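Structural description and commentary
Here's the letter readout for the chains.
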Amino acid sequence: MSLPTRPLTLTINGKTHGPMDVPEGMMMIDVLHEMLDLTGSRLGCGQGICHACVVIWDRDDQTSEEVPTCITGAGFFDGKRIRTIEGIAQTNDRGEIVALSPVQQAFTDRFSFQCGYCTPAFVNAATVLIERLKRAPVPRAQVEATVAAALESQICRCTGYVRYYEAVRDVILAAPDLTRDDA
Amino acid sequence: MTFRRLVLSVAAAAVVGVIAIATLVAINLWRGTTGGPVQAVRAPADVVARGKYLAEAADCAACHSAPGGAPFAGGLPMQSGFGTIYATNITPDPDNGIGRWSADDFWRALHNGVRRDGQQLYPAMPYTSYRGMTRADADAIYAYVMQLRPMNVPNRETELNFPFNIRLGMLGWNLLFLRDSLPAVSAGSSPPWQRGRYLVNVLGHCGECHTPRGILGQMELSRPFAGFALGRLAAPDITPAGLVSRGWTAAGLRTFLGRGLARQGSAFGDMHPVIMLSTRNLTDDDLNAMATYLLGDNPPAPTPLPPIDPAAAGPMANAAGRSSYMALCAGCHGLDGNGVPNTVVAMRDNSTLRLADPRNLIVAILDGIGSENFPHHDSMQRMPGFSDKLGDGEAAALANYLRVTWGGQKGDVTPAAMHALR
């Protein structure tokens, strides 16, 4: 017996993968883990609720959004561009990390996480938020509410919310182009 | 008959009609009062308990409570084609509630659609159904609500467009459309059937959503329970023929009304609060009576899901729909459509997929369904909406894949139909 397969080609962290044969109905997280050795995305609930598995989908209209990979089939990503936690930090020509992203740096500086299982997805969700604010800045007074709303779907079972939220808030407030001064 | 006599007759009829209406108005307004003593109602505990049960069966709380507001303190906005009506405070607060209402006042509201001050109610308050209530039951509900904690929550004014903002107009509406009893949806005569008719037609006022409405907002009593879209989601056809065509049985209906979950699917949209506030509280006998009435004393056999036409559902027949299902749905609803027990509903045997009208399936695909709790600590997780991930053509193909594979329906949903509900 063999599983029916479908061809899959996609761009992950700027690099094209495929075409490769993927069993029909296989979820994206399994493709990342088992076929591409990209193990940084975490499998949590397996039901699209905890958001530990989210990756960033770069849409053709230059916007980005989170997509849970545990309940999204690999076929959804055919022809699409995504970023995983492995592609967030700055790397040099040899693929070595030279600098964390501002979000990653802030999480590290603030000890935002304990066990770290939810952290890759928190990084991705915060990155999506910051990219959104670049396109549509919010008033400074609304930053805390904006962070809380954007990260609400991310579940952390150790402690993290306050230090995660404060770290993202501070990254946003320190950047010149993510907020407005009006009410 | 000469022309002159005809004119005279019509004129005479008109005068009689005007006098009749004027008399009714005069009686209502003469009876109507706004001040008066605060009522002190002391009913025996068993009457209050019966009133509580009946108030639950009549689902008063669903409308007379605002989201997050105190129970029965009013405030739920009800949209209609004529404007917005706000449910009122029916706690015994003397000024904002019904604290000065007598049992007679309460009865007139339920039975005639007239407020204590003599003004007409709008049929957003389902006196059109409650008219069939017994006086004893109305009095028991009155005894129950009058011992609730009074809530000092002001009522909001209705926001209706002219001419519907003239409450007197409802007198004419009532003459045309108010009936002492509503037609039976099924054939029967057994005691459970009779009880079920009272629970479904009168207390449960199921027809207020499930019966199609005419241009003046009246229930079209020639087609009781044939289904209607009052809002974004449609209340489906719950005639015996409609129910069995989607695989419903008496046992399935009892389970659904008591628990909100059955093999045929879960309660969502406006039906979810009906389960949670009303039918979950009913006795097994009453749930059985409702199921008996909905299907009749001799219920037709449920229609099994027809075998799939291979031409319509082969792997390549709707490759786009199947591919979207695998990409976006199968992670939760399963490759085989069986769902996840206690977490995600099955697509196989799902009543919404088996509806001939694709509207609710389309809305579920586009909007998703929020997470929901059910009786007995059951719950269903949130379903995301896919309006931003699927174009009209892709979403229509997905709907058709679902309808053909697990609904026994035609794959006739067009991209235009999908677009119309965005």
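Reading the values: the criteria
Residues numbered from 1 in each chain as written. Chains lettered and ligands numbered in written order. Predicted model: local features only at pLDDT ≥ 70, side-chain atom pairs only at ≥ 80, totals over all residues. Heavy atoms only, no water. Helix = DSSP H or I, 4+ residues; strand = E, 2+ residues; numbered from the N terminus. Rg over C-alpha atoms; globule rule 2.2 N^0.38 Å. Buried < 20%, exposed > 50% of the residue type's maximum accessible area, 1.4 Å probe, protein only. Areas by Shrake-Rupley, 256 points an atom, 1.4 Å probe, with all protein chains shown as cover. Lys, Arg positive; Asp, Glu negative; His and termini not counted. Charge placed at Lys NZ, Arg CZ, Asp CG, Glu CD. Contact = heavy atoms within 4.5 Å. Buried area = accessible area lost by both parts, 1.4 Å probe. Salt bridge = Lys/Arg side-chain N within 4 Å of Asp/Glu carboxyl O. Polar contact = N/O pair within 3.5 Å; in protein donor to acceptor, adjacent residues only side chain to side chain. Pairing = 2+ DSSP bridges. Domains from an automatic or database assignment. Phe/Tyr/Trp six-rings, centres within 6.5 Å; stacked < 30°, edge-to-face > 60°. Lys NZ or Arg CZ within 6 Å of the ring centre and 35° of its normal. Axes fitted to C-alpha atoms, helices over the stretch in contact; angles between N-to-C directions. Parallel < 35°, antiparallel > 145°, perpendicular 65-115°, else oblique. Nonpolar A, V, L, I, M, F, W, Y, C, P; charged D, E, K, R; others polar. Core = buried A, V, L, I, M, F, W, Y, C linked by side-chain atoms within 4.5 Å. Disulfide = S-S within 2.5 Å.

As for the overall build of chain B
Helix and strand counts for chain B stand at 19 helices and 7 strands. For 422 residues, the compact-globule estimate of 2.2 N^0.38 gives 22 Å, and the C-alpha radius of gyration of chain B, at 24 Å, lies within 12% of that figure. Along the three orthogonal principal directions, the C-alpha set of chain B runs to about 75 × 65 × 45 Å. Across the 422 residues in chain B, those meeting the buried criterion constitute 48%. Carbon and sulfur atoms make up 60% of the accessible area of chain B, which amounts to about 19800 Å² in all. Put simply, chain B has 35 plus and 32 minus side-chain charges, and the middle of one group is 4 Å from the middle of the other.

Side note on the overall build of chain A
Looking only at helices and strands, one finds 5 helices and 9 strands in chain A. Ordered by position from N to C terminus, the α and β elements of chain A give β-β-α-β-β-β-β-β-α-α-β-α-α-β. Whereas a compact globule of 183 residues would reach a radius of gyration of roughly 16 Å, chain A reaches 17 Å, a difference of no more than 12%. Taken across its 183 residues, chain A has 48% of its residues classed as buried. Counting only contacts in chain A whose residues sit at least 6 apart along the sequence, the fraction spanning at least 24 positions is 57%. By element, 51% of the accessible surface of chain A is carried by carbon and sulfur atoms, the whole surface being about 9300 Å². Taking the average place of the 17 positive charges on the side chains of chain A and the average place of its 23 negative ones, the gap between the two points comes to 3 Å.

Description of the interface of chain A and chain B
Each side of the interface is counted separately: chain A has 15 residues, and chain B has 13 residues. Carbon and sulfur atoms supply 54% of the area buried between chain A and chain B, which totals about 1200 Å² over both sides. Counting across the interface, chain A meets chain B through 3 salt bridges. Two residues, Glu24(A) and Arg322(B), come together in a salt bridge whose shortest N-O distance is 2.8 Å. Linking chain A with chain B are 5 residue pairs in polar contact (both at pLDDT 80 or more), by the criterion used here.

Brief notes about the pairing of strand β2 (residues 15–23) of chain A
All names here are of chain A. Bridging between strand β1 (residues 5–12) and β2 involves 7 bridges; their strand directions are antiparallel. When the sheet's bridge partners are listed, Ile12 is paired in β2 with Lys15. Once β1 ends, the chain turns through 2 residues before running back antiparallel as β2, passing Asn13 with a positive phi of about 50°.

Some thoughts on the domain arrangement of chain B
Residues and elements named next belong to chain B. Domain assignment breaks chain B into domain 1 (12–177), domain 2 (191–295) and domain 3 (310–420). A separation of 24 Å is found between the C-alpha centroids of domain 1 and domain 2. Summed over both partners, the interface of domain 1 with domain 2 comes to about 1800 Å²; 61% of that surface belongs to carbon and sulfur atoms. Inspection of the region where domain 1 meets domain 2 yields 0 salt bridges. Secondary structure elements with two or more residues in the side of domain 1 that touches domain 2: α2 (45–57), α3 (60–64), α5 (127–130) and α7 (169–177).

Quick notes on the pattern of salt bridges
Counted according to the given criterion, the structure contains 30 salt bridges over all chains. For Arg403(B), the salt bridge goes to Asp412(B), with nearest N and O atoms at 3.0 Å. Assessed through its relative accessible area of 1%, Arg403(B) is described here as buried. Through salt bridges that share partners, Arg110(A), Glu144(A), Glu166(A), Arg169(A) and Asp170(A) make up one connected network.

Overview of the side chain of Asp286(B)
All names here are of chain B. Relative to the helices and strands, Asp286 is located in helix α13 (residues 284–295). A polar atom in the side chain of Asp286 sits 2.6 Å from the side chain of Tyr53. Apart from residues no more than four positions distant in its own chain, Asp286 is found in contact with Tyr53, Arg195 and Leu199.

Examining the sheet that holds strand β1 (residues 77–80) of chain B
Taken together, 3 strands build an open sheet; the order of strands is β1-β2-β3 (chain B) and the sheet is antiparallel. Looking at the sheet topology across the chains shown, the edges are occupied by β1 and β3 (159–160) of chain B.

Structural notes on the packing of aromatic side chains
Scanning all chains against the criterion turns up 14 aromatic pairs over all chains. Centroid distance Tyr325(B) to Tyr401(B): 5.7 Å. Interplanar angle 40°. Geometry classified as tilted. With Tyr325(B) in helix α15 (residues 319–333) and Tyr401(B) in helix α18 (residues 392–406), this pair connects stretches of sequence that are 76 residues apart. By relative accessible area, which is 0% here, Tyr325(B) ends up buried. Each member of the aromatic cluster is reached from another via a ring pair, and the members are Trp57(A), Phe76(A) and Phe77(A). Cation over ring: Lys80(A) sits above Phe76(A), and NZ or CZ is 4.3 Å from the ring centre.

Considerations on the packing of α2(B) against helix α6 (residues 135–145) of chain B
All names here are of chain B. Between α2 and α6, the least distance of the axes is 7 Å, while the angle of their chain directions is 100°. As far as their axial angle goes, α6 and α2 are roughly perpendicular. Contacts between α2 and α6 involve Val47, Val48, Arg50, Gly51, Lys52, Leu54 and Ala55 from the first element and Ala136, Asp137, Ala140, Ile141, Ala143 and Tyr144 from the second. Tallied by class, residues from the contact of α2 with α6 come to 9 nonpolar, 1 polar and 3 charged.

Concerning the nonpolar core
Ranked by size, the top nonpolar core spans 65 residues in total, and within it Met133(B), Val145(B), Leu203(B) and Phe225(B) carry the most contacts. At 7 residues, the largest contribution of residues to this core is made by α13(B). Here this core spans two domains, and each of domain 1 (12–177) and domain 2 (191–295) of chain B adds at least three residues to it. When neighbours within four sequence positions are excluded, Leu203(B) is seen to be in contact with Leu54(B), Ala57(B), Ala58(B), Tyr130(B), Met133(B) and Tyr198(B). If you look at the next biggest cluster of nonpolar residues, it comprises 42 residues, including Met20(A), Ile362(B), Val363(B) and Trp406(B).

Points about the state of the cysteines
All names here are of chain A. Counting across every chain of the model gives 0 disulfides over all chains. Cys70 provides the cysteine sulfur closest to Cys53, a residue in no disulfide bond, and the two sulfurs are 3.7 Å apart. Not part of a disulfide, Cys156 finds its nearest cysteine sulfur in Cys118, a span of 3.9 Å.

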